[in-house]
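Listed here are the chains, written in short residue letters.
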Amino acid sequence: MTRFFLSVGFFAALSVGVGFLMSGNDSFDWGMALGLFALALAGEGLRLWIRRGRAGSRQSSEI
């Protein structure tokens with residue numbers, strides 16, 4: 001779970017940086033930053049879901 005929070009924090013900082021770079025002289029580009037962050041969050045959620053699914057399928061019901 002720590003890796004999840006570290007990667008989400010990294011992508012949040014990266015999204016803010018890209019938002020500032022894409023804004024130029026205008027105000028902060030919220031659409032670009034939030035879109036990139038949503039994409040990164042969806043990817044990390046999918047990775048976590050697949051990883052938990054694989055771990056659950058390895059468990060046996062036999063004792």
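Keep in mind that what you see is a predicted model, and the values were worked out from it rather than measured. (Residues numbered from 1 in each chain as written. Predicted model: local features only at pLDDT ≥ 70, side-chain atom pairs only at ≥ 80, totals over all residues. Heavy atoms only, no water.)

Participant: Can you walk me through the overall build of the chain in this structure?
Facilitator: Counting its regular elements, the chain contains two helices and zero strands. When each of the 63 residues of the chain is scored for burial, the buried share is 17%. Taken as a whole, the chain presents about 5,200 Å² of accessible surface, with 66% of it coming from carbon and sulfur. (Helix = DSSP H or I, 4+ residues; strand = E, 2+ residues; numbered from the N terminus. Buried < 20%, exposed > 50% of the residue type's maximum accessible area, 1.4 Å probe, protein only. Areas by Shrake-Rupley, 256 points an atom, 1.4 Å probe, with all protein chains shown as cover.)

Participant: What am I meant to see in the packing of aromatic side chains here?
Facilitator: The geometry of an aromatic ring pair is captured by the separation of the ring centres together with the interplanar angle, meaning the angle of the planes. According to the stated counting rule, one finds four aromatic pairs in the structure shown. Arranged with centres 4.7 Å apart and planes meeting at 70°, the rings of Phe28 and Trp30 form a pair that is edge-to-face. Given a relative accessible area of 17%, Phe28 falls into the buried group. For Trp30, a relative accessible area of 55% corresponds to the exposed category. In textbook terms, an aromatic cluster arises when at least three aromatic residues are bridged by ring pairs, as seen for Phe20, Phe28 and Trp30. (Phe/Tyr/Trp six-rings, centres within 6.5 Å; stacked < 30°, edge-to-face > 60°.)

Participant: I tried to follow helix α1 (residues 2-23) on my own but got confused; where do I start?
Facilitator: Three- or four-residue spacings in an α-helix give side chains the same orientation, since the helix completes a turn every 3.6 residues. Spanning 22 residues, α1 covers 32 Å between terminal C-alpha atoms, matching the ideal 32 Å at 1.5 Å per step. For α1, every residue scored as buried is listed here: Phe4, Ser7, Val8, Ser15, Gly19 and Ser23. Buried residues in α1, looked at end-on, bunch into an arc of 130°, giving them a common side. Facing away from the buried side of α1 by more than 90 degrees, the exposed set consists of Thr2, Arg3, Leu6, Phe10, Ala13, Phe20 and Leu21. (Expected span 1.5 Å × (residues − 1). Arc of directions from axis to C-beta.)

Participant: I tried to follow the environment of Leu39 on my own but got confused; where do I start?
Facilitator: Along the chain, Leu39 falls in helix α2 (residues 30-58). It is 9.6 Å that separates the C-alpha atoms of Leu39 and Phe11, two residues lying 28 residues apart in sequence.

Participant: Can you walk me through the pattern of salt bridges in this structure?
Facilitator: Pairing between side chains of opposite charge can happen when their charged atoms approach one another. Counted according to the given criterion, the structure contains one salt bridge. Where Glu44 meets Arg47, a salt bridge forms, and the shortest distance between an N and an O atom there is 3.2 Å. With Glu44 and Arg47 both in helix α2 and three residues apart, this pair spans about one turn of that helix. Under the relative-accessibility criterion, Glu44 is labelled buried at 11%. (Salt bridge = Lys/Arg side-chain N within 4 Å of Asp/Glu carboxyl O.)

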